[in-house]
Amino acid sequence: MAHAYSTSVRIEAPADVVWQVLSDVERMPAWTGAMSRVTVLGPERAIVVGARVEVEQPGLPAATWEVDGLTEGQGFSWSSSSTPGVRTGTAHRITPLPGAGQHGGAACDVTTAVARSGMLAGLTDLAAGPRARELADTLLADLRSEAELRARNKT
């Protein structure tokens, strides 16, 4: 049985600005309290399918994630089996809402979905689920602030 959580936020910024912020994962600790350290492993140092990424988040064990899906400008997904008996997958999706923003500007919805599966998923969700959900909410709130700030500074 999978244990899942999804959260969304509306961001008053163009999708390309949101993508620039979200996809530069190594800089996440500079703008969000949801990440302590993010390091893309390998020579490319970029988010591409197959890239492995070491992630440290406050209150959770460090984990290595592998990018298993990417649509340029729209989102990416990654998964981790760092916890024995559990596979965790997280997907970040950007949905543009042209003309729906303040004063007719661009806006978008961003959704982060987290799902755990495996023999120990239920136990892990009981132990770490509340903190992981809090961090997902923090990530999106901070993403909104950073993307809206960058969009304002672009004009």
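Since this is a predicted model, take the numbers as computed values, not measurements.

A.B. asks: Quick one: what's the story with the side chain of glutamate 148, residue by residue and with numbers?
C.D. replies: As for its position among the elements, glutamate 148 is in helix 3 (residues 121-154). Within the buried core, glutamate 148 has no salt-bridge partner, and the shortest N-O distance to an opposite charge, that of arginine 152, equals 4.6 Å. Within polar-contact distance, the side chain of glutamate 148 engages the backbone nitrogen of glutamate 12 at 2.8 Å.

A.B. asks: Requested: an account of a nonpolar patch on the surface, with residues and values cited.
C.D. replies: On the surface, Met119, Leu120, Leu123 and Leu126 cluster together to form a nonpolar patch covering roughly 510 Å² of accessible area. Mapped onto the secondary structure, leucine 123 falls in helix 3.

A.B. asks: Provide a residue-level description of the confidence of the model for the chain, including the pertinent values.
C.D. replies: Confidence in the prediction for the chain averages 90 pLDDT; 94% of positions are at 70 or higher. The weakest mean pLDDT in the chain belongs to helix 3 at 89; the strongest belongs to helix 2 (residues 28-31) at 98.

A.B. asks: Hey, could you go over the packing of helix 1 (residues 15-23) against helix 3 for me, with residue numbers and the actual values?
C.D. replies: Where helix 1 contacts helix 3, the axes come no closer than 9 Å and their chain directions differ by 125°. Of the possible angle classes, the one that applies to helix 1 and helix 3 is oblique. Judged by the twist between their axes, the crossing of helix 1 over helix 3 is right-handed. Contact with helix 1, carried on its side by Asp16, Val17, Val18, Gln20, Val21 and Leu22, involves Leu143, Glu146, Ala147, Arg150, Ala151 and Lys154 of helix 3 and no other residues of that element. Class assignment for the residues of the contact of helix 1 with helix 3 results in seven nonpolar, one polar and four charged.

A.B. asks: Describe the packing of aromatic side chains, listing the residues and the values that go with them.
C.D. replies: Taken as a whole and assessed by the stated rule, the structure comprises three aromatic pairs. Judged by centre distance (5.7 Å) and plane angle (40°), the rings of tryptophan 65 and tryptophan 78 are tilted. Of this pair, tryptophan 65 sits in strand 4 (residues 63-71) while tryptophan 78 sits in strand 5 (residues 75-80), and the two are 13 residues apart along the sequence. Note on phenylalanine 76 and tryptophan 78: the rings are 5.1 Å apart at their centroids and 85° apart in plane angle, and the pair reads as edge-to-face. Among the aromatic residues, ring-to-ring pairing joins Trp19, Trp65, Phe76 and Trp78 into one connected group.

A.B. asks: Got a sec to walk through the environment of leucine 140? Specific residues and values, please.
C.D. replies: Examined against the element boundaries, leucine 140 turns out to sit in helix 3. Overall, the relative accessible area of 3% leaves leucine 140 in the buried class. Not counting chain neighbours up to four residues away, the residues in contact with leucine 140 comprise Thr7, Ser8, Val9, Val110 and Thr112.

A.B. asks: So what's going on with the pattern of salt bridges? Which residues, and what values?
C.D. replies: Following the criterion strictly, the structure yields six salt bridges and no others. A salt bridge links arginine 45 to glutamate 26; the nearest nitrogen and oxygen atoms lie 2.6 Å apart. Of this pair, arginine 45 sits in the loop between strand 2 (37-40) and strand 3 (52-56) while glutamate 26 is found in the loop between helix 1 and helix 2, placing the two residues 19 residues apart along the sequence. Overall, the relative accessible area of 28% leaves glutamate 26 in the partly exposed class. For glutamate 54, the salt bridge is made with arginine 37, and the minimal N-O distance between the two is 3.4 Å. Linking glutamate 54 in strand 3 with arginine 37 in strand 2, this pair joins segments that are 17 residues apart in sequence. Via salt bridges that share partners, Arg37, Glu54 and Glu56 belong to a single interconnected network.

What counts, and where the lines are drawn
Residues numbered from 1 in each chain as written. Predicted model: local features only at pLDDT ≥ 70, side-chain atom pairs only at ≥ 80, totals over all residues. Heavy atoms only, no water. Helix = DSSP H or I, 4+ residues; strand = E, 2+ residues; numbered from the N terminus. Buried < 20%, exposed > 50% of the residue type's maximum accessible area, 1.4 Å probe, protein only. Lys, Arg positive; Asp, Glu negative; His and termini not counted. Salt bridge = Lys/Arg side-chain N within 4 Å of Asp/Glu carboxyl O. Polar contact = N/O pair within 3.5 Å; in protein donor to acceptor, adjacent residues only side chain to side chain. Patch = residues over 30% accessible without salt bridge, like charges linked within 9 Å, V, L, I, M, F, W, Y side chains within 5 Å. Areas by Shrake-Rupley, 256 points an atom, 1.4 Å probe, with all protein chains shown as cover. pLDDT = per-residue confidence, 0-100. Axes fitted to C-alpha atoms, helices over the stretch in contact; angles between N-to-C directions. Parallel < 35°, antiparallel > 145°, perpendicular 65-115°, else oblique. Left-handed = near helix turned anticlockwise from the far one by under 90°. Contact = heavy atoms within 4.5 Å. Nonpolar A, V, L, I, M, F, W, Y, C, P; charged D, E, K, R; others polar. Phe/Tyr/Trp six-rings, centres within 6.5 Å; stacked < 30°, edge-to-face > 60°.

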